[in-house]
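# Structural features, examined
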Amino acid sequence: MNACIFCKIVAGQLPAHRVYEDEDVLAFMDINPINHGHVLIIPKVHYAELRSIPLATSTAVWEVVKKVEQAIWQTPGLSCEGTNILQNNGAAAGQDVFHAHFHVIPRLSGDGSRFRFKLVHSTDETRKEWAESIKNQMDAK
Ligand code: 5GP
Ligand code: ZN
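Note that the structure is predicted; figures quoted are calculated from it, not measured. (Residues numbered from 1 in each chain as written. Chains lettered and ligands numbered in written order. Predicted model: local features only at pLDDT ≥ 70, side-chain atom pairs only at ≥ 80, totals over all residues. Heavy atoms only, no water.)

## Let's talk about the coordination of the zinc ion (ligand 2)
Taken together, the protein donors to the zinc ion (ligand 2) comprise Cys4 (SG), Cys7 (SG), His46 (ND1) and His99 (ND1), at separations of 2.1 to 2.3 Å. Angles of 107 to 118 degrees at the metal separate the 4 donor atoms of the zinc ion (ligand 2), which places the site in the tetrahedral class. Since its relative accessible area comes to 34%, His46 is described here as partly exposed. (Donors = N, O, S within 2.8 Å, 3.2 Å for Na, K, Ca; no water. Tetrahedral: all angles 85-135°; square planar, octahedral: opposite > 155°, others 65-115°. Buried < 20%, exposed > 50% of the residue type's maximum accessible area, 1.4 Å probe, protein only.)

## Section: the pairing of strand S2 (residues 25-29)
Across the 5 residues of S2, 4 count as buried, placing the element largely inside the fold. Bridge count for strand S1 (residues 18-21) against S2 is 3 bridges, and the pairing is antiparallel. Residue pairing in the sheet places Arg18 in a bridge with Phe28 of S2. Linking S1 to S2, which pair antiparallel, is a turn of 3 residues. In terms of strand pairing, S2 meets strand S3 (residues 39-43) through 5 bridges, oriented antiparallel. Across the sheet, Ala27 pairs through a bridge with Ile41, a residue of S3. (Helix = DSSP H or I, 4+ residues; strand = E, 2+ residues; numbered from the N terminus. Pairing = 2+ DSSP bridges.)

This is the structure in structure tokens:
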């Protein structure tokens, strides 16, 4: 049996407040919203992380992310002044639910949430080297 909570939501075995649905994609309200209007967008088929999703499916998911984000700006009462699009891959990145998903989070100035990323030391030379390494990896695909 599939224990994935998002697969259970897709199958209707767990309740969720649905915002949008088509053959490939489902959007629903996050159960613990960072702000009112916090929406999750998922492929209906189970893929653990972004890199596992086939390109066509990830494009379909991204189209819904765009539509939800636009709607949030215009939804009366949310008073949206900004948005964060968040997508965590792996426990090290804070992923809790291992069914790939995008967060669309409405933001208001002074809402008190902030990201606390710790920067690494880098130089122009190290950035150049990492650019080359990543480019080589992309070219090898
Ligand atoms: P992650 O940290 O994996 O990027 O985010 C997982 C998100 O899923 C969290 O924001 C959490 O509130 C949400 N979530 C976890 N369980 C449920 C659930 O059963 N229903 C809904 N609607 N959202 C959930
Ligand atoms: Zn799943």
